Amino acid sequence: MVGKTEINARLVRLAWWAMGTIAVALVIVIRIRLLGIPLERDEGEYAYAGQLILQGIPPYKLAFNMKFPGTYAAYALVMSVFGQTIHGIHLGLLLVNVATIALIFLLGRRLIDATAGIAAAACYAVLSVSPSVLGLAAHATNFVLLPVLGGMLLLLDKQRVTASQPSQLNQAVQLFVSGLLFGIGVLMKQPAVLFVPFGVIYIVWKDAQGRLPFRVILVRTLTFGIGAVVPIAITCLVLWRAGVIDKFWFWTINYAWQYGSVVPLSQAPRIFFQSATDIVETGWPVWIIAGIGALAGCWDQRMRASTLFLISFLFFSAVALCAGFYFRPHYFILVLPAISLLAGAAISK
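Keep in mind the model is a prediction, meaning the values are calculated, not measured.

A. Representation of the overall build of the chain in the model. For the chain, the helix and strand inventory stands at 14 helices and zero strands. Listing every helix and strand of the chain by position from the N terminus yields α-α-α-α-α-α-α-α-α-α-α-α-α-α. Against the 2.2 N^0.38 benchmark of 20 Å for 349 residues, the chain shows a C-alpha radius of gyration of 21 Å, consistent with a compact globule. Referenced to the eigenvectors of the C-alpha coordinate spread, the extents of the chain come out at roughly 70 × 50 × 45 Å. Here the chain holds 349 residues, and 48% of them are scored as buried. Summed over all atoms, the accessible surface of the chain reaches about 17,000 Å², with 71% contributed by carbon and sulfur.

B. Seen up close, the side chain of Gln190. Relative to the helices and strands, Gln190 resides in the loop between α7 (165-188) and α8 (195-209). A distance of 2.6 Å separates a polar side-chain atom of Gln190 from the backbone oxygen of Met66. A polar atom in the side chain of Gln190 sits 3.3 Å from the backbone nitrogen of Phe68. Contacts of Gln190, omitting those with residues within four sequence positions, involve Met66, Lys67, Phe68, Thr252 and Ala256.

C. Summary view of the packing of aromatic side chains. The final tally for this structure, using the stated rule, is 25 aromatic pairs. Note on Tyr46 and Tyr72: the rings are 5.9 Å apart at their centroids and 50° apart in plane angle, and the pair reads as tilted. With Tyr46 in helix α2 (residues 41-54) and Tyr72 in helix α3 (residues 70-82), the pair connects residues that are 26 residues apart, well separated along the chain. Of the two residues examined, Tyr46 and Tyr72, each falls in the buried class. Taken together, the aromatic side chains of Phe195, Phe198, Tyr202, Trp205, Phe309, Phe313, Phe315 and Phe316 make up a single cluster linked through ring pairs.

D. Quick peek at a nonpolar patch on the surface. A cluster of nonpolar side chains, contributed by Leu77, Val81, Phe82 and Leu95, occupies part of the molecular surface with about 370 Å² of accessible area. Relative to the helices and strands, Val81 resides in helix α3.

E. Main features of the nonpolar core. Ranked by internal contacts, the top residues of the largest apolar core, which has 88 residues, are Tyr75, Leu149, Met152, Phe182, Phe195 and Phe309. Every residue in contact with Phe309, bar those within four places of it in the chain, is listed here: Leu111, Met152, Leu156, Phe198 and Tyr202.

F. Expanded view of the state of the cysteines. Per the counting criterion, the structure on display carries zero disulfides. Distance from the sulfur of Cys298, which forms no disulfide, to the nearest cysteine sulfur (Cys123) is 18 Å.

G. Spotlight on helix α6 (residues 140-155). Helix length check: α6 (16 residues) gives 23 Å between terminal C-alpha atoms against 22 Å at 1.5 Å per residue, within 8%. Burial analysis of α6 places 14 of its 16 residues in the buried class, the great majority of the element.

H. The side chain of Asp207, seen in detail. Considering the arrangement of structural elements, one finds Asp207 in helix α8. Excluding its chain neighbours within four sequence positions, the residues that come into contact with Asp207 are Leu212, Ile217 and Arg220.

I. Looking closely at the pattern of salt bridges. Within the structure shown, the criterion is met by three salt bridges. Where Glu45 meets Lys67, a salt bridge forms, and the shortest distance between an N and an O atom there is 3.4 Å. Placement of the pair is Glu45 in helix α2 and Lys67 in the loop between α2 and α3, with a sequence separation of 22 residues. Its relative accessible area of 9% is what places Lys67 among the buried residues. As a salt-bridge pair, Arg220 and Asp207 come within 2.6 Å of each other at their nearest N and O atoms. Here the residue Arg220 occupies a position in helix α9 (residues 214-241), and Asp207 occupies one in helix α8, the gap between them amounting to 13 residues. The same class applies to Arg220 as to Asp207, namely buried.

J. Highlighting unusual backbone geometry. Not every positive phi belongs to a glycine, and Leu134 is a case in point at roughly 55°. By secondary structure assignment, the location of Leu134 is in the loop between α5 (114-128) and α6. Under the relative-accessibility criterion, Leu134 is labelled partly exposed at 29%. With a phi angle near 60°, Phe325 is a residue other than glycine that sits in the positive phi range. With respect to the helices, strands and loops of the structure, Phe325 is situated in the loop between α13 (304-321) and α14 (336-348).

Criteria and thresholds
Residues numbered from 1 in each chain as written. Predicted model: local features only at pLDDT ≥ 70, side-chain atom pairs only at ≥ 80, totals over all residues. Heavy atoms only, no water. Helix = DSSP H or I, 4+ residues; strand = E, 2+ residues; numbered from the N terminus. Rg over C-alpha atoms; globule rule 2.2 N^0.38 Å. Buried < 20%, exposed > 50% of the residue type's maximum accessible area, 1.4 Å probe, protein only. Areas by Shrake-Rupley, 256 points an atom, 1.4 Å probe, with all protein chains shown as cover. Polar contact = N/O pair within 3.5 Å; in protein donor to acceptor, adjacent residues only side chain to side chain. Contact = heavy atoms within 4.5 Å. Phe/Tyr/Trp six-rings, centres within 6.5 Å; stacked < 30°, edge-to-face > 60°. Patch = residues over 30% accessible without salt bridge, like charges linked within 9 Å, V, L, I, M, F, W, Y side chains within 5 Å. Salt bridge = Lys/Arg side-chain N within 4 Å of Asp/Glu carboxyl O. Core = buried A, V, L, I, M, F, W, Y, C linked by side-chain atoms within 4.5 Å. Disulfide = S-S within 2.5 Å. Expected span 1.5 Å × (residues − 1).

Printed below as a string of structure tokens:
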């Protein structure tokens, strides 16, 4: 006979699933209701570059910016499917947001349990639609998260390397595809490059724990790294064939480096706390719960490994948003998955 404690636990899990599902559904309704809001400044830039791509004109030929062209290509894809309209662009953002929510659920379930997954998904859905992070605008940070989280999910596969050749091949393909997804994230916006060392460190750490030979660890790490480089290499090749590689290099490397060096380090803390305060105040319950999840998870031996993984993810996410020390509101979207997953861990406990 099922005990009273077990029945209560099931009721609690059912309640969290119901609240999480309602929260996600409400956020989707809000986004659908507001599909027609005017484009924000960056959205206009991305939409124009996307239109040029659909007309056969490569990036950096008639339109110039310091961002990598991944988001331009994403806009072109969205507009080719849903139309070159405001509604079409925001419908694309809606689908990207829903897919990101789904990946956060899968990550939470893989790391902790299904309750943590649905709670984390609901937290991200609410935080990511907030005006404090310009959540209704299709910024590049939204397009960064989708492939990066997909790459993370592949890295969390618990399959071990064995002497079996098919198993080794599957592992190599999995690592390569994971790296490929991280590389696509970088293609969306340069600061995402800081997620790549996170993936490398995780691979080395897990393989070292499994006492794999140094040669095997090196090969696996290189496989992941090669996958991460491939999207950038292909992009450079395409832009070289289009005759715009010089402009691409100037705007995305030379100019971007100068732009990122304008704000002095001494002013960074003030700008950060000014921006972070507004964002944390808007969703303060989730941030507090996330802090509890980080502390409690480190204390609980059963959840310690998963919590340390999430804290590390939060660290690299925070470093990524620090690029240039501008700390604009939509940059903070990069840290929302880690915060949401830590909140899910706290709720699961």
